[in-house]
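# Residue-level structure breakdown
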Amino acid sequence: MERKLVVGNWKMNGDRARNSALLDQLVGAVPAAVDCAVCVPFPYLPQVGESLVGSDVALGAQDVSEFPEGAYTGDVSVAMLADWGVRFVIVGHSERRALHGESDSTVARKAAAALDGGLVPIACFGETLVERESGVTEQVLLRQLDALAANLSPEALQGIVLAYEPVWAIGTGRAATEEQVQTVLALVRRWLADHVPAPERVRILYGGSVKPETAGGLFSLPDADGGLIGGASLDAQSFLEICQAAGSAAQGN
C-alpha cells in the first residue's frame, strides 16, 4: 500500500479533559500522506467523534459484539458503533483474548459482523513469549489467520486490516527486531496470496511497543503498511512523530 495507516489504541485510558487536550493537538496535524484513526473507549465515542468531524482522523472502537442485538449485557453492536460514526473497530486484541477468553473463531465472527455492518475490522493476531520460544510462532499465527478465512469469503477477507502484535512485545518495552517483524509480515503476505484476490491491497500493521525512535525502521519494512499504537498514542507529540515516520516511510517506498 502506498499510504500507511497509523491507528491509536487508547485502551482503558482517558477522561473528557485529557481527551480534549490530546485531540486539540492531533486534529489538523497528521501528515496528509498518512491515514490515521484513534480507537477510543466506548463512553468517549460521542465526544471524540464530534471533535473529529471534518478532520483527517477517523474514529475507531476497541471491540464489538458478534451479535446484532439482544440479551448481551455489556456488549456493543456494530449498528451502535456505526450510529456514532465509527469507521474502524479492533477485534481480537491480545488483551481481549487473554483477559476475556476470546477464541480464534469468536474473533473471526466479530470481524465478519463488522464487515457486514460497513465497518473496517482491525483483526489482531500474535504469539506469546512461550509460543515463540517453543518454536511454534508460525503455527500459532496461521491458526489465527485460518480462522478468519474460515468465516469470511475471499472478497470479504480482502476488506479487513490485519495487525500483527507479538504479545511479548506489548506494553513491555521489549520490541521485536525489524528482522523478526518482517519475517512474520512476509509470512502473512504469502498467506494472503492463497486466500484473497489481491493480497497487496490488504494492509498489515505492526503493533508492539512502537515508539517514535523505532517507527521509521518498522514502517520501512517491505510488508509493513503502518502500525497499531498503544501507549504512545496517548501522547500527542509521540503519536504525531510516529505518523510523520509513517509518512516518510511511504515516500521512501
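On to helix 11 (residues 236-252). Between the first and last C-alpha of helix 11 there are 24 Å, a value that for 17 residues agrees with the 24 Å anticipated at 1.5 Å per step. Those residues of helix 11 that fall on the buried side of the exposure criterion are Ala236, Phe239, Leu240, Ile242, Cys243, Ala245, Ala246, Gly247, Ala249 and Ala250. In this fold, the buried residues of helix 11 make contact with strand 1 (4-9), helix 1 (16-26), strand 2 (34-40), helix 10 (212-219) and strand 8 (226-229).

It is worth spelling out the environment of Val48 at this point. The residue Val48 is located in helix 2 (residues 45-52) in this model. Relative accessible area serves as the criterion here: at 0%, Val48 is assigned to the buried category. Spatially, the C-alpha atom of Val48 lies 27 Å from that of Ala108, the residues being 60 residues apart in sequence. Residue contacts for Val48: discarding those within four places in its chain leaves Trp10, Leu23, Val38, Val40 and Leu59.

Turning to the pattern of salt bridges, a few remarks are in order. Close approach of charged atoms lets side chains of opposite charge pair. Under the criterion given, the structure shown has 14 salt bridges. The partner of Lys110 in a salt bridge is Asp63, with the nearest N and O atoms 2.9 Å apart. With Lys110 in helix 5 (residues 104-116) and Asp63 in the loop between strand 3 (57-61) and helix 3 (78-83), this residue pair connects regions lying 47 residues apart in the sequence. For Lys110, a relative accessible area of 7% gives the class buried. Across the pair Asp104 and Arg143 runs a salt bridge, and its minimum N-O distance is 2.6 Å. You can see Asp104 sitting in helix 5 and its partner Arg143 sitting in helix 7 (residues 137-151), a full 39 residues away along the chain.

Grouped together as the largest cluster of nonpolar side chains are 72 residues, with contacts concentrated most on Val6, Val38, Val48, Leu81, Leu148, Leu162 and Phe219. In terms of residue count, the dominant contributor to this core is helix 11 (eight residues). Core analysis: the second largest hydrophobic core is formed by 14 residues, Val7, Cys39, Ala58 and Ile90 among them.

Two quantities define a packed helix pair, namely the angle between the axes and the distance from one axis to the other. As a packed pair, helix 1 and helix 2 sit with axes 11 Å apart at the nearest point and diverge in direction by 20°. Accordingly, the angle class assigned to the pair helix 1 and helix 2 is roughly parallel. The handedness of the crossing between helix 1 and helix 2 comes out as right-handed. Where helix 1 abuts helix 2, its residues Arg16, Asn19, Ser20 and Leu23 lie against Gln47, Val48, Ser51 and Leu52. Partitioning the contact of helix 1 with helix 2 into residue classes produces three nonpolar, four polar and one charged.

Criteria and thresholds
- Residues numbered from 1 in each chain as written.
- Predicted model: local features only at pLDDT ≥ 70, side-chain atom pairs only at ≥ 80, totals over all residues.
- Heavy atoms only, no water.
- Helix = DSSP H or I, 4+ residues; strand = E, 2+ residues; numbered from the N terminus.
- Expected span 1.5 Å × (residues − 1).
- Buried < 20%, exposed > 50% of the residue type's maximum accessible area, 1.4 Å probe, protein only.
- Contact = heavy atoms within 4.5 Å.
- Salt bridge = Lys/Arg side-chain N within 4 Å of Asp/Glu carboxyl O.
- Core = buried A, V, L, I, M, F, W, Y, C linked by side-chain atoms within 4.5 Å.
- Axes fitted to C-alpha atoms, helices over the stretch in contact; angles between N-to-C directions.
- Parallel < 35°, antiparallel > 145°, perpendicular 65-115°, else oblique.
- Left-handed = near helix turned anticlockwise from the far one by under 90°.
- Nonpolar A, V, L, I, M, F, W, Y, C, P; charged D, E, K, R; others polar.

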